[in-house]
Amino acid sequence: MLEIKRLSAGYGGKRIIHEISFTLDKGFNVLLGQNGSGKTTIFRALSGALPGTCGEIILEGTDISGLSVKKRAALVSYMNSEHTAMSGIDGMQLAKMAFYPSHGIFYTPGKKEEEFIRRTAEQFDAAALLEKNLNEMSSGERQLSWLIAAICQNTGLMMLDEPTSALDFNRTHDFLSKLQMQKEDKIIFASLHDPGLALEYADRILLLNEGKLCGEIIPKNTDAAEAEEKLRVLYPGIKIYENGGTFCVSACRD
Amino acid sequence: MKRSTDLPRVQRHSRLSAECITLLSFAILFILSLVSLNFGSFKIDFSSQEKKEISLKIFQTLRLPRILAAILAGGVLGVTGAVCQTVFCNPLASPDITGVASGASFGAAAAILCGFAGLLRTAAAFIGGVAALMLLLFFVRLSQRSGNEHRTRYILAGILISSAADAGLMILKTAADPERELAAIEFWTMGSFASITDKRFLIMAAVAIPALVLLFLFNKQTLILSRGSVEARSVGLSPALWQAILLLLAALAVAAVVSTVGVIGFVGLIVPHMALALVKKRGKAFLFLCFIIGAGITVLSDLLARTLVPKAELPVSIFCVGFAVIWFACIFTRGKVREGD
């Protein structure tokens, strides 16, 4: 379990999020919020990338905010929403970097790690990307390569910032449904822009508005009317129908 | 399904060819060095007893150190260029962005004005190069207090310090006596292996080789840094610390080279592009290839510099830049310039 108490963070002197507290359980947790609402700031604060972050971050009983960069990366992984296209580096090399926290500075990942990466990539139908250079990939392929690298890091808390922003329709659903296999022993915390995907795949949805949490939805225990009411805080005019046990989302402009 | 069974073969093929390319280029470098050993103002001749003694002495104290220095200098510039380009994920980066070359030029010019020669001049150039790097790290440290670490800060700080050192160099040039001192400064900033002796080579190697070995060992950290600061941190690598370590090693090696042989233009920028065009991937083979190609260019340039015009020594940079321009023109017109890095 992840407990966050009175977390404040921002860039330079400017606070984007101010004293927010919440807890996350194992499973697929989704953060919904408008552009600029502070989703990325929360992820970066939790990953330790923002100097001047205040508050307690307690993962499975230990406060991780005082840990070294390396020890923290063994417990927490974070995938940025932008994916650097490094020239001359392929999917396999990228994924191998994920083993850095668990080994010494001179250790080079070998056969065992390669096998693990290959199996993970095959699970997500992306084995071909392991041999392809990142700067020669399409943006969707590149995103998938970074996702596979993040999954290979195999941490108790896995944060994915807009993991499906560049994926096509099929790959998005394929990825999110296969991600469900990972969630049994992990806290997955992801931001999405599509409330439909969130309602379909998430175990729990947190709503973020202007740096403050303004509600949560547990899709399993919620009906369409209740979900619509809560989501309207973020997306005025959103309409949610229930159709054969699944939620359908449409934007109503009138 | 068919695709995944093909994969291992494709991978083995590309790895094999990377090794082949490295071996082949090593063989070319070896032959080039042997040829280069046979050329020079003094004809090395082991046939008669009287000539044998002096030949051996010249070979040991001048000819061999000169070739070895050319190999090491080119290799250092190639490898450090690759490290800079990877760390900053920027195809325009080169060891020059550390400000070391400009700092060393300033140091050497100051030494020339003070009337220092030989090892004292080398020491002044080395101090100038290291001072430039320290200033760079200090500036970056200052700018990081405001929060976010970003690699463009290094590049901007490098430009700042290089420009300051260049301005200082101009002041020294204005103050210099145009007949002797200015000529010496100009010649120094164009690079030459003419003054290499066995002792000077050993001093250069004592600094450059350990730094180079560490850069090879830290290849994994170099690659991780190319992800970007936030992404490097997310796999457990402290970006500020490792950028400083890798840059320090690269700058020490370059300072050792530049202070001994002067500024050699363009090798650090162009060699990583050549190596990447050959092996496609930034692994260990890529770094070795950067060393070999860099060494090949400087050995060949030095050979041309001392044989093309009889009884005269041309600056090496002429040929290094010449090769770079020809190669760039070739790939540029064939439309193979890499974009989107």
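Since we're looking at a predicted model, the values are computed, not measured. (Residues numbered from 1 in each chain as written. Chains lettered and ligands numbered in written order. Predicted model: local features only at pLDDT ≥ 70, side-chain atom pairs only at ≥ 80, totals over all residues. Heavy atoms only, no water.)

**Q** I'd like a rundown of the overall build of chain A, residues and numbers included.
**A** Looking only at helices and strands, one finds eight helices and 12 strands in chain A. Counting only C-alpha atoms, chain A reaches 55 × 40 × 30 Å along its principal axes. Nonlocal contacts in chain A, meaning residues at least 24 apart in sequence, comprise 64% of its contacts between residues at least 6 apart. Here chain A has roughly 10900 Å² of accessible surface; of this, 48% comes from carbon and sulfur atoms. Charge centroids of chain A, computed over 28 positive and 33 negative side chains, lie 5 Å from each other. (Helix = DSSP H or I, 4+ residues; strand = E, 2+ residues; numbered from the N terminus. Contact = heavy atoms within 4.5 Å. Areas by Shrake-Rupley, 256 points an atom, 1.4 Å probe, with all protein chains shown as cover. Lys, Arg positive; Asp, Glu negative; His and termini not counted. Charge placed at Lys NZ, Arg CZ, Asp CG, Glu CD.)

**Q** Tell me about the confidence of the model for chain B, residues and numbers included.
**A** Residues and elements named next belong to chain B. When the pLDDT values of chain B are averaged, the result is 85; 91% of them are 70 or greater. pLDDT under 50 marks residues 1-13. Its contacts with residues more than four places away, or in other chains, come to six contacts. We note a pTM of 0.89 for the whole complex and an ipTM of 0.92 for its interfaces. (pLDDT = per-residue confidence, 0-100.)

**Q** Give a description of the sheet that holds strand 6 (residues 76-79) of chain A that names residues and reports values.
**A** All names here are of chain A. Strand order in the open sheet formed by six strands is 6-7-8-3-9-10, and the pairing between neighbours is mixed. Each edge of the open sheet is held by one strand with a lone partner, namely strand 6 and strand 10 (212-217). If you compare each strand with its neighbour and ignore which way they point, the axes differ by 20° on average. Inspection of the sheet shows strand 3 (residues 27-33) paired to strand 9 (residues 204-209) by five bridges, in the parallel sense. Within the sheet, the bridge partner assigned to Leu31 lies in strand 9 and is Leu206. Along the sheet face, helix 8 (residues 224-231) touches strand 3, strand 9 and strand 10 and points at about 170° away from the line of strand 10. (Pairing = 2+ DSSP bridges. Axes fitted to C-alpha atoms, helices over the stretch in contact; angles between N-to-C directions.)

**Q** For a nonpolar patch on the surface, give the residues involved together with the corresponding values.
**A** A cluster of nonpolar residues, A:Ile105, A:Phe106, B:Ile209, B:Val213, B:Leu214 and B:Leu217, forms a patch on the protein surface that exposes about 480 Å² of accessible area. Along the chain, B:Val213 falls in helix 7 (residues 198-217). (Patch = residues over 30% accessible without salt bridge, like charges linked within 9 Å, V, L, I, M, F, W, Y side chains within 5 Å. Salt bridge = Lys/Arg side-chain N within 4 Å of Asp/Glu carboxyl O.)

**Q** Report on the environment of B:Met134, specifying residues and quantitative values.
**A** All names here are of chain B. As for its placement among the helices and strands, Met134 is situated in helix 4 (residues 118-144). Taking the relative accessible area as the measure of exposure, Met134 reaches 44% and is therefore partly exposed. Through-space distance from the C-alpha of Met134 to that of Val100 is 9.7 Å; in sequence the pair is 34 residues apart. (Buried < 20%, exposed > 50% of the residue type's maximum accessible area, 1.4 Å probe, protein only.)

**Q** Give a detailed account of the packing of aromatic side chains, specifying residues and quantitative values.
**A** Considering all chains together, one arrives at 11 aromatic pairs over all chains under this definition. Centre to centre, the rings of A:Phe106 and B:Phe218 are 5.6 Å apart; their planes meet at 10°, and the pair counts as stacked. Remark: B:Phe218 occurs in the loop between helix 7 and helix 8 (219-225) and A:Phe106 occurs in the loop between helix 3 (91-96) and helix 4 (111-123); the pair is interchain, linking two chains. With a centroid separation of 5.5 Å and 50° between ring planes, the pair formed by B:Phe88 and B:Tyr154 is classed as tilted. Note that B:Phe88 is positioned in the loop between helix 2 (49-87) and helix 3 (100-113) and B:Tyr154 in helix 5 (residues 152-175), a separation of 66 residues in sequence. By the burial criterion, B:Phe88 is buried, and B:Tyr154 matches it. Here a set of aromatic residues connected by ring pairs shows up, and it is made of A:Phe22, A:Phe43, A:Tyr78 and A:Phe189. (Phe/Tyr/Trp six-rings, centres within 6.5 Å; stacked < 30°, edge-to-face > 60°.)

**Q** Break down the packing of helix 7 of chain B against helix 10 (residues 239-261) of chain B for me, with residues and values.
**A** Residues and elements named next belong to chain B. The N-to-C vectors of helix 7 and helix 10 enclose an angle of 160°; their axes lie 9 Å apart at closest approach. Comparing their axes, helix 10 and helix 7 come out roughly antiparallel. When you trace helix 7 past helix 10, the crossing you get is left-handed. On the side of helix 7, the interface is formed by Arg200, Met204, Val207, Ala208, Ala211, Leu214 and Leu215, while helix 10 contributes Leu246, Leu249, Ala250, Leu252, Ala253, Ala256, Val257 and Thr260. When its residues are assigned to classes, the contact of helix 7 with helix 10 shows 13 nonpolar, one polar and one charged. (Parallel < 35°, antiparallel > 145°, perpendicular 65-115°, else oblique. Left-handed = near helix turned anticlockwise from the far one by under 90°. Nonpolar A, V, L, I, M, F, W, Y, C, P; charged D, E, K, R; others polar.)

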